[in-house]
Amino acid sequence: MSKLLENLNTEQHAAVTLPPQAALILAGAGSGKTRVLTTRIAWLLQTGQASPASILGVTFTNKAAKEMLTRLGAMLPINTRGMWIGTFHGLCNRMLRAHYREAALPQTFQILDTADQLAAIKRLLKALNVDDEKFPPRELQHFINANKEAGYRPQQVEAWDEYTRKRVELYHEYDAQCQKEGVVDFPELLLRSYELLSRNEPIRRHYQLRFRHILVDEFQDTNRLQYLWLKILAAHGAEQPAAIFAVGDDDQSIYGFRGAEVGNMRDFEREFHVASVIRLEQNYRSHGNILDAANAIIANNSKRLGKNLWTDQGSGEPIRVYEAPTDIDEGRWIVEEIQQLVRDGASRSDVALLYRSNAQSRVLEQQLFSSGVPYKVYGGLRFFERQEIKHALAYLRLLANPDDDTAFLRVVNFPTRGIGARSLELLQDSARTFNTSLYATVPHLSGKPASAIGGFVRLIEEMRHATEELPLYEIVDHILDTSGLRAHYRAEREGQERLENLDELVSAARYFMNEADAPVAEGEEAQHGDPLSRFLAHASLEAGDHQAEAGQDAVQLMTVHAAKGLEFDAVFITGVEDGLFPHEQSMNDIASLEEERRLMYVAVTRARKRLYLTLAQSRMLHGQTRYAIKSRFFEEIPEGLLKWLTPRVQAGFGASASYGQRSGGSSSYGGWNKSPVSPKPREAMPQQPSRDLGGLRIGQLVRHAKFGDGVILAAEGSGADAKVQINFGSAGVKWLLLSLAKLEAIG
DNA sequence: CCTGCATTCTTTTTT
DNA sequence: AGAATGCAGG
């Protein structure tokens, strides 16, 4: 046991060995959070305080769950299979499969992913003749999910206005449709599971007695419903509540926009009477300057639980800042810098390019590509979300559950079978009359549509018959041929990759079966449900690990969100401009600006040794050149931590151009810093935007007869329409037509 | 039923 | 700019 606790610092040790009671661990970035979580489980097991079956480990991503299991396996020679460790959704799915009757679901219930759900909503609106201009499907989807994630069924939603009353009604209809079709969307997995626990006493008691230790990762990301779910599982308020061990960091809460409630941390502390909150503040990742910058940034947020990271690693290098004239120059400079790092011995995979939004990756990719620097972009379309895969899965879903109308409509005419919108409308109408699923309605049909659609139903029936006795992967293989999907993509010009993906689906099925059919070891329970349904659930819940394709040593590109939890020797945070980061849609109210700030905090704390902040004075966005000034977050970083590699010509009055370049100054780290700081002096003067601004440019100080002195923030249009945005300080920020306003360049 | 053009809308993302 | 959807015409 002592071995387990070796090398833990005081706080980590204290957290791991806490008595089994409600605990809140505030774990700063890079403070060994995952280590504490897994060591805690190992310690509970090894000291005999817990059996594997009594442990419930909850994460948000499959990746995190997998990592927990891997690390546990390395620590203890135990069978981790007896424990329930998984994502909220995965665990709820497991529970609902086991008690599908009590949860009023068909045994083969299918899971709708976000796109399926949207399709289902559109279909509903059409069937009910609802104007989708007045009730945009996406908005309705958001409304439904937000309510589910707050724990509200339609009856519980307060509707004060006509509009909301209608949306509640649609929410109700939507639920009814899902129930009829035997499908469940993501938030429904949780809500259903929660309701099952609250309504069914024996089942509730069963799980409450079983899970004595509940460990929750990334607690700051929980939404209301997830909190309620944990609360009921832990038998909160009962005499013998389970011990919840919650680990989180309020400063890294960056999912407020999708319903995460940081407030759950405070509520947890209060409602569960957490005796003492343990703070993990020693950072093992970043050098001092990087941490100082991070601390300084996050200090501007209000309502923090309070935490200050420190390190004993020394301050390290200054943070390098580069301001480029355009986004293309920004990308080019970054690529040169990366090439220099690589020449100095860095490996490309230890270098990350982070950006606020995905749209920014293109310019960077172009530069990397044309320079022949290998790179990998994270966060594209995932395997199970590809259209050919979704088509194949739709056939499989129909085999498992013919009432799945979404799946039916997806493939009834794909590949084309001469079934048009007209026939389908007819079918949908009579399905409403008979109150049956589309599939079940087909026999009632007469006339021409009947034969075409009847043929489709016969095809599915034949598939079902032919695959009855086959193992899973052969079922998949079989439907790829009999559905005509393979033939379809073979005929398509660009179909080669899709065909390969379909083959990969067969492999995925084979792999899935091997995993699933592993002999059931002692202390392990068999999972519920038939292999096909389980495979389909797996496909919905784990849309595909793009992490899988390791490949060569490549520079890592991703959004800041995607970078949470990761770390790199060198990190470039790109596009650090007002309007981009913070994003313009989040600049105006305090709550969302604070989330942007946390996002910046997350970004900064990804770096181990070297951090770059880069920005561009102009960039193409939505097909238009936009001009921006440096991010307001620069003001929050102590000037002494920054090394400007470009002259500072910036907004703010009287800001004199200061050149940050001072030779050397930094010490060397990690072996790949052979050349001091900036390899070569770079072009210093920002170029004038290639637009006639009458000798003006962004950042230019100007004088206006009425508004006084100001600085140009942005420009738009050209010729007679050319407008500039100027910050006149106390006189405000104004857009002025260049042709009308008499502006005099000063400074 | 398919094809091509117009219109729209673009943060972040996991399940 | 570019993707993705929706609608008119072949």
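See the structure above.
A quick note: this is a predicted structure, and the numbers were derived from the prediction, not measured.

A. Spotlight on the layout of surface pockets. Here the second largest pocket defines a volume of roughly 670 Å³. Taken together, 28 residues make up the lining of the second largest pocket; nearest its centre are G256, A591, S592, E595 and R598. If you list the elements that add at least two residues to the lining of the second largest pocket, you get α12 (263-271) and α26 (590-604). With 8 residues, the single largest contributor to the lining of the second largest pocket is α26. Tallied by class, residues from the lining of the second largest pocket come to 8 nonpolar, 9 polar and 11 charged.

B. Highlighting the pattern of salt bridges. Taken as a whole, this structure holds 50 salt bridges when the rule is applied. Between D267 and R270 there is a salt bridge, and its shortest N-O distance comes to 3.4 Å. Of this pair, D267 and R270 are both found in helix α12, 3 residues apart, which corresponds to roughly one turn of the helix. Of the residues examined, D267 reaches a relative accessible area of 16% and is grouped as buried. For E317, the salt bridge goes to R610, with nearest N and O atoms at 2.8 Å. Separated by 293 residues along the polypeptide, E317 in the loop between α13 (288-298) and β9 (319-326) and R610 in strand β14 (residues 607-621) bring together distant segments of the chain.

C. View of the nonpolar core. L56, I214, W229, L230, L233, I244 and F268 are the most contacted members of the largest nonpolar core, which has 64 residues in total. When residues in this core are grouped by element, the largest group, 7 residues, is from helix α11 (residues 224-233). When near neighbours in sequence (up to four residues on either side) are disregarded, W229 contacts L56, V58, F88, L91, C92, M95, L190, S193, Y194 and L197. If you look at the next biggest cluster of nonpolar residues, it comprises 49 residues, including A394, L480, A509 and A539.

D. Layout of the protein's contact with DNA strand B. Taken together, 27 residues are adjacent to DNA strand B, and R356, T416, I419, G420 and T559 come closest. For DNA strand B, the backbone portion of the atoms within 4 Å of the protein, that is sugar and phosphate, comes to 59%. Between DNA strand B and T114 there is a distance of 2.7 Å, counted from a base oxygen to a side-chain nitrogen or oxygen. At 3.3 Å, a side-chain N or O of Q585 approaches a phosphate oxygen of DNA strand B. Counted by class, the surface near DNA strand B contains 7 nonpolar, 17 polar and 3 charged residues.

E. Broad picture of unusual backbone geometry. Put simply, F414 and P415 share a cis peptide bond, and its omega is -5°. Position of P415 among the secondary structure elements: in the loop between α17 (405-411) and α18 (421-434). Note the cis peptide between F581 and P582, where omega equals 10°. If you trace the backbone, P582 turns up in the loop between β13 (568-573) and α26. One non-glycine residue, N7, lies in the positive phi region at around 65°. As for its placement among the helices and strands, N7 is situated in the loop between α1 (2-5) and α2 (10-16). With relative accessibility at 66%, the residue N7 sits in the exposed group.

F. Examining the protein's contact with DNA strand C more closely. Lining the immediate surroundings of DNA strand C are R362, H622 and G623. Taking the atoms of DNA strand C that fall within 4 Å of the protein, sugar and phosphate contribute 25% of them.

G. A look at the pairing of strand β15 (residues 624-627). Where β14 meets β15, 4 bridges bridge the pair, whose relative direction is antiparallel. Bridge pairing in β15 places L621 opposite Q624.

H. Representation of the environment of T47. Relative to the helices and strands, T47 is located in the loop between α3 (33-46) and β2 (55-59). With 511 residues separating them in the primary sequence, T47 and M558 have C-alpha atoms 41 Å apart. In terms of polar contacts, T47 uses its side chain to reach the backbone carbonyl oxygen of W43, at 2.7 Å. A polar contact of 3.3 Å, which involves the side chain of T47, links it to the backbone oxygen of L44.

I. Molecular detail of helix α21 (residues 472-482). L472, I475, V476, I479 and L480 are the residues of α21 that are buried. Buried positions in α21, seen along its axis, are confined to an arc of 135° and lie on one side of it.

J. A look at the packing of helix α7 (residues 137-149) against helix α8 (residues 162-181). For the pair α7 and α8, the least separation of the axes is 10 Å and the interaxial angle reads 75°. In terms of their interaxial angle, α7 and α8 are classed as roughly perpendicular. Here E139, L140, F143, I144, N147 and K148 of α7 lie close against α8, whose contacting residues are Y163, T164, R167, V168, L170, Y171, Y174 and D175. Residues of the contact of α7 with α8, tallied by class, amount to 8 nonpolar, 2 polar and 4 charged.

K. Quick peek at helix α24 (residues 531-541). Burial analysis of α24 places 9 of its 11 residues in the buried class, the great majority of the element. What α24 keeps buried is the set L532, S533, R534, F535, L536, A537, A539, S540 and L541.

L. Structural detail: the side chain of D185. Residue position: D185 is located in strand β5 (residues 183-185). Judged by relative accessible area, D185 falls into the buried class, the value being 1%. Of the polar contacts made by the side chain of D185, one reaches the side chain of K148; its length is 2.8 Å. Within polar-contact distance, the side chain of D185 engages the side chain of Y174 at 2.8 Å. Here D185 is in contact with L112, Q117, K148 and Y174, once residues within four sequence places are set aside.

Cut-offs applied
- Sequence order as written defines the numbering, with residues in each chain counted from 1.
- Labels are handed out in written order, letters beginning with A for the chains and numbers beginning with 1 for the ligands.
- Where local features are concerned, this predicted model is filtered to residues with pLDDT of at least 70; where side-chain atom pairs are given and counted, the filter is 80 or more; whole-chain, interface and lining totals use all residues.
- To obtain the side-chain values, all non-hydrogen atoms of the structure were used and water was disregarded.
- Cavities and pockets are defined on a 1 Å grid built over the protein atoms alone: a cavity is a set of grid points where a 1.4 Å probe fits but cannot escape, while a pocket is an open set with protein on both sides within 12 Å along at least five of seven lines, and lining residues are those with an atom within 4 Å of any such point.
- Grid points are joined across faces, edges and corners, and a volume is the space filled by probe spheres set on the points.
- Going along the chain from the N terminus, every DSSP run of H or I of four or more residues is numbered as a helix, and every run of E of two or more is numbered as a strand.
- All residues other than Ala, Val, Leu, Ile, Met, Phe, Trp, Tyr, Cys, Pro, Asp, Glu, Lys and Arg, Gly among them, are scored as polar; the first ten of these are nonpolar and the last four charged.
- Salt bridges are counted wherever a side-chain nitrogen of Lys or Arg sits within 4 Å of a carboxyl oxygen of Asp or Glu.
- When a residue's accessible area, from a 1.4 Å probe over protein chains only, is under 20% of the maximum for its type it is buried; when over 50% it is exposed; and in between it is partly exposed.
- For this analysis, a nonpolar core means a set of buried residues of the types Ala, Val, Leu, Ile, Met, Phe, Trp, Tyr and Cys, connected via side-chain atoms within 4.5 Å.
- Contacts are residue-level and defined by heavy atoms, with any inter-residue pair within 4.5 Å sufficient.
- Put simply, a residue is near a molecule or strand once any heavy atom of it comes within 4 Å of that molecule or strand.
- Any N or O atom pair separated by 3.5 Å or less is treated as a polar contact, with the protein-specific requirement of one donor-capable and one acceptor-capable atom, and with residues adjacent in sequence counted only for side-chain atom pairs.
- Two strands qualify as a pair provided that DSSP identifies no fewer than 2 bridges between them.
- Each C-beta atom gives one direction from the helix axis, and the arc is the one those directions make.
- In this analysis an axis means a line fitted to C-alpha atoms, helices contributing only their contacting stretch, and an angle means the value between N-to-C directions, from 0 to 180 degrees.
- Here is the rule for angles: anything less than 35 degrees is roughly parallel, anything more than 145 is roughly antiparallel, 65 through 115 is roughly perpendicular, and the remaining ranges are oblique.

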